[in-house]
Amino acid sequence: MIFAHQIALDLTADQETFCKKAAGTARFTYNWGLAHWKMQYRNGEKPTAAQLKVQWNAIKHERYPWVDEVHRDAHSQPFAHLSTAFGKFFRHEAKHPTFKKKGRHDSFYIANDKCTVQGKRFRIPKLGWVRMREALRFMGKLISVTVSRLADTWFASFAVQLDIAPTPSENQAVVGVDLGILHLATLSTGQTVTGPKPLRKLTQALRRRSKGLSRKVLGSANRAKAKEKLARLHYRIACQRKDTLHKLTTDLVQRFGIVVIEDLHVKGMGQNHHLAQAISDMGFGLFRRMLTYKAEAAGVTLVVADRWFPSSKRCSQCGCLTDTLSLADRTFHCDGCGFACNRDRNAALNLANYPRLVGKERLGRGER
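Calculation rules
- Residues numbered from 1 in each chain as written.
- Predicted model: local features only at pLDDT ≥ 70, side-chain atom pairs only at ≥ 80, totals over all residues.
- Heavy atoms only, no water.
- Core = buried A, V, L, I, M, F, W, Y, C linked by side-chain atoms within 4.5 Å.
- Buried < 20%, exposed > 50% of the residue type's maximum accessible area, 1.4 Å probe, protein only.
- Helix = DSSP H or I, 4+ residues; strand = E, 2+ residues; numbered from the N terminus.
- Contact = heavy atoms within 4.5 Å.
- 1 Å grid on protein atoms, 1.4 Å probe; cavity = no way out; pocket = protein on both sides within 12 Å on 5 of 7 lines; lining within 4 Å.
- Points joined across faces, edges and corners; volume = space filled by probe spheres on them.
- Nonpolar A, V, L, I, M, F, W, Y, C, P; charged D, E, K, R; others polar.
- Phe/Tyr/Trp six-rings, centres within 6.5 Å; stacked < 30°, edge-to-face > 60°.
- Expected span 1.5 Å × (residues − 1).
- Bend = angle between axes of the 7 residues up to and from the residue.
- Pairing = 2+ DSSP bridges.
- Disulfide = S-S within 2.5 Å.
- Salt bridge = Lys/Arg side-chain N within 4 Å of Asp/Glu carboxyl O.
- Axes fitted to C-alpha atoms, helices over the stretch in contact; angles between N-to-C directions.
- Lys, Arg positive; Asp, Glu negative; His and termini not counted.
- Polar contact = N/O pair within 3.5 Å; in protein donor to acceptor, adjacent residues only side chain to side chain.

### Observations concerning the nonpolar core
Item 1. If you look at the biggest cluster of nonpolar residues, it comprises 26 residues, and the most contacted ones within it are F108, I110, F122, V145, V147 and F158.
Item 2. Where this core is concerned, the elements lending two or more residues are β1 (2-10), α1 (13-42), β2 (107-111), β4 (121-124), β5 (128-132), β6 (141-150) and β7 (153-161).
Item 3. A total of 5 residues in this core trace back to one element, the largest contributor, which is α1.
Item 4. The contacts of I110, once residues within four sequence positions are left out, are H71, D73, C115, F122, I124, P125, S144, V145 and V147.
Item 5. Counting 24 residues, the second largest nonpolar core, distinct from the first, contains L184, L245, F284 and A295.

Structural data, given as structure tokens:
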């Protein structure tokens, strides 16, 4: 299995300048390839990333000699990224690739054979050793390193291949997890997890900094400072959300052998303008991605209930369905057996019973 560990870097002024040059070279190369791809396509040709890379290598030293100031991977790997972007576009998994802009997702790639890690430092070609704020946690084969900037901090993301095969968990405990807005998660055990709602708490500060940025003159130093302050606040919000989700997903795979969740249509739920911000603030999509890879690594069975499974409208005791339950109703009342329960707890209990309802023969190891 391949795991990634993102570590913050402590860079000197010269090292940060080098990282900016490397990220700028990677961005320029990607945009050059995309521009020539479009031009050749308009001329009736069938361009490929491999052909564009050959054309780039033939002219880069003569026309753009400054690319030699950074290591080779910075202006070589963008063609692989371009190929991946167009592959997703042709498979209708993403939109058409667009040109990259300075200051947005600045990053560059380093291959495994050009990078060395020793404790709390690692070596970047043509730059030397740079300090990290912590040591690499995973011991295995280093696949690649991606150096990127978030807000005003540079990070190194190490992809490490571990020679371990996940074994099925011996724990047979089953838990149903119902995600919501009032509570981030309600478990079938009765436990509730309150979401931090960082965006809601810091909305006023976000508005102030956004307004301050809009009032600055384009291209001025004060605008650059205001932009950096706004980026730091966005990064703080994202970190608070990830911290809660990491703790929740890790706790689930450590305590239970089978975890049942709903197949939420997060993109469709975001179309509701009354709830879109609250849903995004909880991070439902990120929760599922984290839980998926952590369950696979721990050998835990992750069961995804059918999207149309009526977890909220079904009685967890007798199985009767009710059509009168609205979003405003926070308590579930069963007309058949008289069972009354919190709406989210009832949904979590139904999710916990889902494997038994659909039959064990339909459930294999892993996500279904």
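### Observations concerning the layout of surface pockets
Item 1. One number sums up the size of the second largest pocket: a volume of about 1100 Å³.
Item 2. Surrounding the second largest pocket, 31 residues form its lining, L264, M269, S312, L327 and R343 being those nearest its centre.
Item 3. Ranked by residues supplied to the lining of the second largest pocket, first place goes to helix α10 (residues 343-358) with 4 residues.
Item 4. A per-class count over the lining of the second largest pocket returns 16 nonpolar, 6 polar and 9 charged.

### A closer look at the packing of aromatic side chains
Item 1. Inspection of every chain in the model, using the stated rule, returns 15 aromatic pairs.
Item 2. Judged by centre distance (5.0 Å) and plane angle (70°), the rings of F28 and Y64 are edge-to-face. Taken as a pair, F28 in helix α1 and Y64 in the loop between α2 (49-63) and α3 (78-90) lie far apart in primary sequence, 36 residues in all.
Item 3. With a relative accessible area of 29%, F28 lands in the partly exposed category.
Item 4. On the accessibility criterion, Y64 (17% relative accessible area) is buried.

### Brief notes about α2
Item 1. The end-to-end C-alpha distance of α2, which contains 15 residues, comes to 20 Å, matching closely the 21 Å that a straight helix rising 1.5 Å per residue would cover.
Item 2. The axis of α2 is deflected most strongly, by about 30°, at N57.
Item 3. Every buried residue of α2 is accounted for by A49, L52, W56, I59 and K60.
Item 4. Close packing links the buried residues of α2 with α1 and α3.

### A look at the side chain of S148
Item 1. With respect to the helices and strands, the residue S148 is situated in strand β6.
Item 2. Classification of S148 by relative accessible area gives buried; the value is 15%.
Item 3. With residues near it in sequence (within four places) discarded, S148 still touches Q6, D106, S107, T153, W154 and F155.

### Regarding the pairing of β2
Item 1. Most of β2 sits inside the fold, with 4 of its 5 residues counted as buried.
Item 2. Strand direction decides the pairing type here: β2 and β6, joined by 5 bridges, are antiparallel. Note that in β6 the partner of I110 across the bridge is V145.

### Here we look at the state of the cysteines
Item 1. Under the criterion given, the structure shown has 0 disulfides.
Item 2. You can see C320 has no disulfide; the closest cysteine sulfur is in C318, sitting 3.3 Å from it.
Item 3. Judged by its relative accessible area of 34%, C320 falls in the partly exposed class.

### Topic: the pattern of salt bridges
Item 1. Taken as a whole, this structure holds 15 salt bridges when the rule is applied.
Item 2. A salt bridge links R91 to E93, with the nearest nitrogen and oxygen atoms 3.3 Å apart.
Item 3. Of the charged contacts in the structure, one is a salt bridge between R255 and D251, with a shortest N-O distance of 2.8 Å. In this pair, R255 and D251 both sit in helix α6 (residues 221-255), 4 residues apart, roughly one turn of the helix.
Item 4. D251 sits in the partly exposed class, given a relative accessible area of 25%.

### What to know about the pairing of β1
Item 1. Bridge analysis of β1 against β7 gives 7 bridges, and the strand direction is antiparallel. Across the sheet, I2 pairs through a bridge with Q161, a residue of β7.
Item 2. Across 2 bridges, the pairing between β1 and β5 is antiparallel. In the strand pairing of β5, D10 is matched with R131.

### What to know about the sheet that holds strand β11 (residues 258-262)
Item 1. With mixed pairing, the 5 strands of this open sheet are ordered in space as β10-β9-β8-β11-β12. Taken across any chain shown, the strands that pair with only one partner, and hence form the sheet edges, are β10 (192-193) and β12 (301-305).
Item 2. Strand direction decides the pairing type here: strand β8 (residues 174-179) and β11, joined by 3 bridges, are parallel. Each residue of the ladder has a partner; that of V174, found in β11, is I258.
Item 3. Strands β8, β9 (185-187), β10 and β11 of the sheet are contacted by α6, whose axis makes an angle of about 15° with β9.

### Some words on the side chain of E262
Item 1. By secondary structure assignment, the location of E262 is in strand β11.
Item 2. No salt bridge is formed by the buried E262; its nearest oppositely charged neighbour, R343, is found at 8.8 Å.
Item 3. A polar side-chain atom of E262 sits 2.8 Å from a polar atom in the side chain of S311.

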